[in-house]
Amino acid sequence: EAAVTQSPRSKVAVTGGKVTLSCHQTNNHDYMYWYRQDTGHGLRLIHYSYVADSTEKGDIPDGYKASRPSQENFSLILELASLSQTAVYFCASSEGGRSDYTFGSGTRLLVI
Amino acid sequence: GDSVTQTEGQVTVSESKSLIINCTYSTTSIAYPNLFWYVRYPGEGLQLLLKVITAGQKGSSRGFEATYNKETTSFHLQKASVQESDSAVYYCALGDNYAQGLTFGLGTRVSVFP
């Protein structure tokens, strides 16, 4: 079954440390996305990619980097984690155009 | 930019009663957007509930319906008779024709009690 898998499911990180969130999709989709969800803000787009080895900034890219080494994998990197980056992070994939989006189960990140 | 406004906070409803979650949108694009309802059940990720990409059309799934109204820029979600299993967080979302990501509303938590 086609799916979007995120790892880890949850993580505790220290302020100033590096955090990498991983996403793997078996949908054969060209497009992948990273969102964060905070109370009172819904889901907001951080970065996305429409082809391997290329990423695009979303609405709130500051403090985040993204990496798309292959069609199947898309990582979100926090080089210097901060308290304000505590949130739930969702990865998604899409065929593109007017297609719908398939989401992963989320990664709960707590920065202390 | 784009924005989505939906019924805020929590909605509590009795089993077998009707439910409506309001959603209105705003877009700067000259093209009509694609409209979605996603649902997040407890302990799970977001799942697509329904999608409508043509203005004037209605989408339906699992007893839920939503009509794309370009005149009122609305996409309200309705169900005639809810069940306890419908307890979840519902998100209205807007997308363009180029898969540049979705714009979400804040989400509405629905609690159905027996």
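Residues numbered from 1 in each chain as written. Chains lettered and ligands numbered in written order. Predicted model: local features only at pLDDT ≥ 70, side-chain atom pairs only at ≥ 80, totals over all residues. Heavy atoms only, no water.

*Asks:* Summarise the layout of surface pockets; cite the residues concerned and give the values.
*Replies:* In this structure, the largest pocket spans a volume of roughly 590 Å³. In terms of lining residues, the largest pocket is bounded by 29 residues, among which Gln37 of chain A together with Arg40, Val89, Tyr91 and Arg109 of chain B are the most central. Every element with two or more residues in the lining of the largest pocket is listed here: strand S4 (31-38) and strand S11 (107-111) of chain A together with strand S2 (9-14), strand S10 (88-95) and strand S12 (108-113) of chain B. Here the lining of the largest pocket is built from residues that sort into 8 nonpolar, 14 polar and 7 charged. A volume near 330 Å³ is recorded for the second largest pocket. Taken together, 19 residues form the lining of the second largest pocket, with Asp2, Asp96, Gln100, Gly101 and Thr103 of chain B sitting closest to its centre. Breaking the lining of the second largest pocket down by element, the ones donating at least two residues are strand S5 (42-51) of chain A together with S10 and strand S11 (102-104) of chain B. Of the residues assigned to the lining of the second largest pocket, the class counts are 8 nonpolar, 7 polar and 4 charged. (1 Å grid on protein atoms, 1.4 Å probe; cavity = no way out; pocket = protein on both sides within 12 Å on 5 of 7 lines; lining within 4 Å. Points joined across faces, edges and corners; volume = space filled by probe spheres on them. Helix = DSSP H or I, 4+ residues; strand = E, 2+ residues; numbered from the N terminus. Nonpolar A, V, L, I, M, F, W, Y, C, P; charged D, E, K, R; others polar.)

*Asks:* Outline the interface of chain B and chain A, listing residues and values.
*Replies:* The interface is formed by 22 residues belonging to chain B together with 24 residues belonging to chain A. Of the roughly 1,800 Å² buried at the junction of chain B and chain A (both faces included), carbon and sulfur atoms supply 51%. In terms of surface lost to chain A, no three residues of chain B exceed Leu46, Ala99 and Phe104 of chain B, which account for 27% of the buried area on that side. The interface formed by chain B and chain A holds 1 salt bridge in total. A salt bridge links Lys51 of chain B to Asp100 of chain A, with the shortest nitrogen-to-oxygen separation between them at 3.7 Å. The interface formed by chain B and chain A holds 9 residue pairs in polar contact (both at pLDDT 80 or more) in total. Secondary-structure elements contributing two or more residues to the side of chain B that touches chain A are strand S5 (34-40), strand S6 (46-52) and S11 of chain B. Among the elements that make up the side of chain B that touches chain A, the one with the highest residue count is S5 of chain B (4 residues). Residue classes in the side of chain B that touches chain A are distributed as 12 nonpolar, 7 polar and 3 charged. (Contact = heavy atoms within 4.5 Å. Buried area = accessible area lost by both parts, 1.4 Å probe. Salt bridge = Lys/Arg side-chain N within 4 Å of Asp/Glu carboxyl O. Polar contact = N/O pair within 3.5 Å; in protein donor to acceptor, adjacent residues only side chain to side chain.)

*Asks:* So, the sheet that holds strand S8 (residues 73-78) of chain A: which residues are in play, and what are the values?
*Replies:* Residues and elements named next belong to chain A. Read across the sheet, 4 strands follow the order S1-S3-S8-S7 without closing on themselves; strand pairing throughout is antiparallel. Taken across any chain shown, the strands that pair with only one partner, and hence form the sheet edges, are strand S1 (4-7) and strand S7 (65-67). The average undirected angle you get between the axes of adjacent strands in this sheet is 20 degrees. (Pairing = 2+ DSSP bridges. Axes fitted to C-alpha atoms, helices over the stretch in contact; angles between N-to-C directions.)

*Asks:* Give a detailed account of the packing of aromatic side chains, specifying residues and quantitative values.
*Replies:* Tallied over the full model, the rule gives 16 aromatic pairs over all chains. Judged by centre distance (6.1 Å) and plane angle (20 degrees), the ring pair of Tyr33 of chain A and Tyr48 of chain A falls under stacked. One end of the pair, Tyr33 of chain A, is in strand S4; the other, Tyr48 of chain A, is in strand S5, and 15 residues separate them in sequence. One aromatic cluster in this structure is built from Tyr33, Tyr35, Tyr48, Tyr101 and Phe103 of chain A together with Phe36, Tyr38, Tyr91 and Phe104 of chain B. (Phe/Tyr/Trp six-rings, centres within 6.5 Å; stacked < 30°, edge-to-face > 60°.)

*Asks:* Before we move on, can you summarise the side chain of Ser74 of chain B with the specific residues and values?
*Replies:* Residues and elements named next belong to chain B. Assignment of secondary structure puts Ser74 in the loop between strand S8 (64-67) and strand S9 (77-79). Judged by relative accessible area, which is 6%, Ser74 ranks as buried. For Ser74, the side chain forms a polar contact with the side chain of Thr72, separated by 2.7 Å. Once residues lying within four places of it in the same chain are set aside, the contact partners of Ser74 are Cys23, Thr24, Tyr25, Thr67, Tyr68 and Asn69. (Buried < 20%, exposed > 50% of the residue type's maximum accessible area, 1.4 Å probe, protein only.)

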